Amino acid sequence: MVSVSLMCLGLLSLWGVRGEVAPNFDNCKMFFFRETPVSGLNIALPTPVETNTQNLPNPEKCLSAYNAASPAYICQIYNNQYYFATLYDRGRRIPLYSAYKMDIKGEPEREGSIVNYEPQLVHPELSKNQMKKKECMTEIKNYNNIPSNDCKESFPQYRQTYKLGWSQALDDNFGTYDRGHLNPAGHHGKGDASKATMTFTNVAPQNPKMNQVQWNQYEQKLKNDLSQGCSNMYVVTGVVPSTTWVDQNKRVNVPSHYWNAFCCTDNNDKPLRSGGALCPNTAEGRVTEYKTVADLQKELRRLMSVKNNVQIFKGC
């Protein structure tokens, strides 16, 4: 037990990208305007339940995250610094939205690939590090091998790949869809801020043309034009879940739309303007821009069949 704990402490110093799964956004509320998280859009499906637990030893411990609350609140950390917040739908295995502050003057860094996973979505006791698949497997293996856990990998449900795939989308789960960023690397300067976006908890299946053309053009407009005159730019980008899944196993949901909301403020953080956009997740989808966040919120309520009030920015 002691040796495994020491090993985990060692891993914390080896990997720079970290995630923090928590009950709320208290540790990263600075990425929301006036430190007020989005309300009304916690529409996640329940965490998938493993039904085949007959004869499994210690399923409460070995499948601990399978009973965790959905959505998961993730404060995304890179090199011990918070960079953005993500509300993750465990049931659909996609992020519902990511909230961040745009680096208005930073030179974008667009290189990089989506490579990291979130160990704490597998077991909350695991490292806070977002890790590449191989390192994630090692974390799960170490957890399984703790004598008191008794998670024997002779049982398929306790194997490393099975557990990781149960908790979140894997690289090979996207089919012909792009891995569409919610918080795009291009909205940050070169360095850690852009690298912190390269996690599977920040991407959802996106139509390739829509991702590379229509939505990409809007993201560039948001960075180069709509942020002009702003001292701060608070951004929330999210998706509208649908009844469509990448494959018949219904592992990863394909959003029907991507949406964006922004709040531009002066150097005293006083609101100057706000707006948003919405685009169907199809090759022919066209971006509809909104002059007010209120109009976008009204449309999101309709699309998601949300009965409660939706508030993305309080007071902007």
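Residues numbered from 1 in each chain as written. Predicted model: local features only at pLDDT ≥ 70, side-chain atom pairs only at ≥ 80, totals over all residues. Heavy atoms only, no water.

As annotated in an unreviewed UniProt entry, the chain carries the name Endonuclease domain-containing 1 protein and is attributed to Esox lucius.

Judged by nonpolar contacts, the single largest core of 50 residues is most densely connected at Leu-164, Leu-222 and Met-233. Apart from residues lying up to four places away in sequence, Leu-164 is in contact with Tyr-117, Val-122, Lys-133, Cys-136, Met-137, Ile-140 and Leu-170. Of all hydrophobic cores here, the second largest spans 31 residues; its members include Cys-28, Phe-31, Tyr-73 and Phe-313. (Core = buried A, V, L, I, M, F, W, Y, C linked by side-chain atoms within 4.5 Å. Buried < 20%, exposed > 50% of the residue type's maximum accessible area, 1.4 Å probe, protein only. Contact = heavy atoms within 4.5 Å.)

Turning next to the state of the cysteines. What makes a disulfide is a covalent bond joining the sulfur atoms belonging to two cysteines. Under the counting rule described, the total for this entry stands at 4 disulfides. Here Cys-28 connects covalently by a disulfide to Cys-75, the sulfurs 2.1 Å from one another. Here the S-S torsion is close to -70°, and the disulfide linking Cys-28 with Cys-75 is therefore left-handed. In this pair, Cys-28 is assigned in the loop between strand 1 (17-22) and helix 2 (59-62) and Cys-75 in strand 2 (residues 72-78), connecting sequence segments 47 residues apart. We note that Cys-28, like Cys-75, is buried. (Disulfide = S-S within 2.5 Å. Helix = DSSP H or I, 4+ residues; strand = E, 2+ residues; numbered from the N terminus.)

Before going further, it helps to spend a moment on the packing of helix 3 (residues 133-144) against helix 4 (residues 160-167). It is at 9 Å that the axes of helix 3 and helix 4 come closest, and there the two elements cross at 110°. Relative to helix 4, the element helix 3 is oriented roughly perpendicular. Judged by the sense of rotation from one axis to the other, the crossing of helix 3 with helix 4 is right-handed. Contacts between helix 3 and helix 4 involve Lys-133, Cys-136, Met-137, Ile-140, Lys-141, Tyr-143 and Asn-144 on the former and, on the latter, Gln-160, Thr-161, Lys-163 and Leu-164. Looking at the contact of helix 3 with helix 4, its residues break down into 5 nonpolar, 3 polar and 3 charged. (Axes fitted to C-alpha atoms, helices over the stretch in contact; angles between N-to-C directions. Parallel < 35°, antiparallel > 145°, perpendicular 65-115°, else oblique. Left-handed = near helix turned anticlockwise from the far one by under 90°. Nonpolar A, V, L, I, M, F, W, Y, C, P; charged D, E, K, R; others polar.)

This paragraph deals with helix 7 (residues 293-304). Given a rise of 1.5 Å per residue, 12 residues ought to cover 16 Å, and the 16 Å separating the end C-alpha atoms of helix 7 matches this to within 8%. All of the buried residues in helix 7 are Val-293, Leu-296, Gln-297, Leu-300 and Met-304. Down the axis of helix 7, the smallest arc covering the buried residues is 100°, so these residues share one side. Among the exposed residues of helix 7, those oriented more than 90 degrees off its buried face are Lys-298 and Arg-302. Directly after helix 7, the chain includes Ser-305, whose backbone phi takes a positive value near 55°. (Expected span 1.5 Å × (residues − 1). Arc of directions from axis to C-beta.)

Here the focus is the pattern of salt bridges. Evaluated as defined, the whole model comprises 8 salt bridges. For Asp-171, the salt bridge goes to Arg-179, with nearest N and O atoms at 2.9 Å. For Arg-179, a relative accessible area of 28% corresponds to the partly exposed category. Salt-bridge contacts for Lys-221 lead to Glu-289; the nearest nitrogen and oxygen are separated by 2.9 Å. Within this pair, whereas Lys-221 is found in helix 6 (residues 208-224), its partner Glu-289 is found in strand 10 (residues 288-290), the two being separated by 68 residues in sequence. Taking the relative accessible area as the measure of exposure, Lys-221 reaches 31% and is therefore partly exposed. Given the relative accessible area of 39%, Glu-289 is considered partly exposed. (Salt bridge = Lys/Arg side-chain N within 4 Å of Asp/Glu carboxyl O.)

This part is about the confidence of the model for the chain. Mean pLDDT for the chain: 90, with 93% of residues reaching 70 or above. Below a pLDDT of 50 lies the segment residues 1-16, which in the model reaches 19 contacts outside its immediate sequence neighbourhood of four places, other chains included. (pLDDT = per-residue confidence, 0-100.)

All right, on to the pairing of strand 2 then. In summary, the side chains of a regular strand alternate between the two faces of the sheet. Taken across its 7 residues, strand 2 has 7 buried, putting it largely inside the fold. Covered by surrounding structure in strand 2 are Ala-72, Ile-74, Gln-76 and Tyr-78 together with Tyr-73, Cys-75 and Ile-77, the residues of both alternating faces. Alignment of strand 2 against strand 3 (residues 81-89), held across 7 bridges, turns out to be antiparallel. By the bridge assignment, Gln-76 is partnered in strand 3 with Phe-84. Joining the antiparallel neighbours strand 2 and strand 3 is a turn of 2 residues, in which Asn-79 adopts a positive phi near 50°. (Pairing = 2+ DSSP bridges.)

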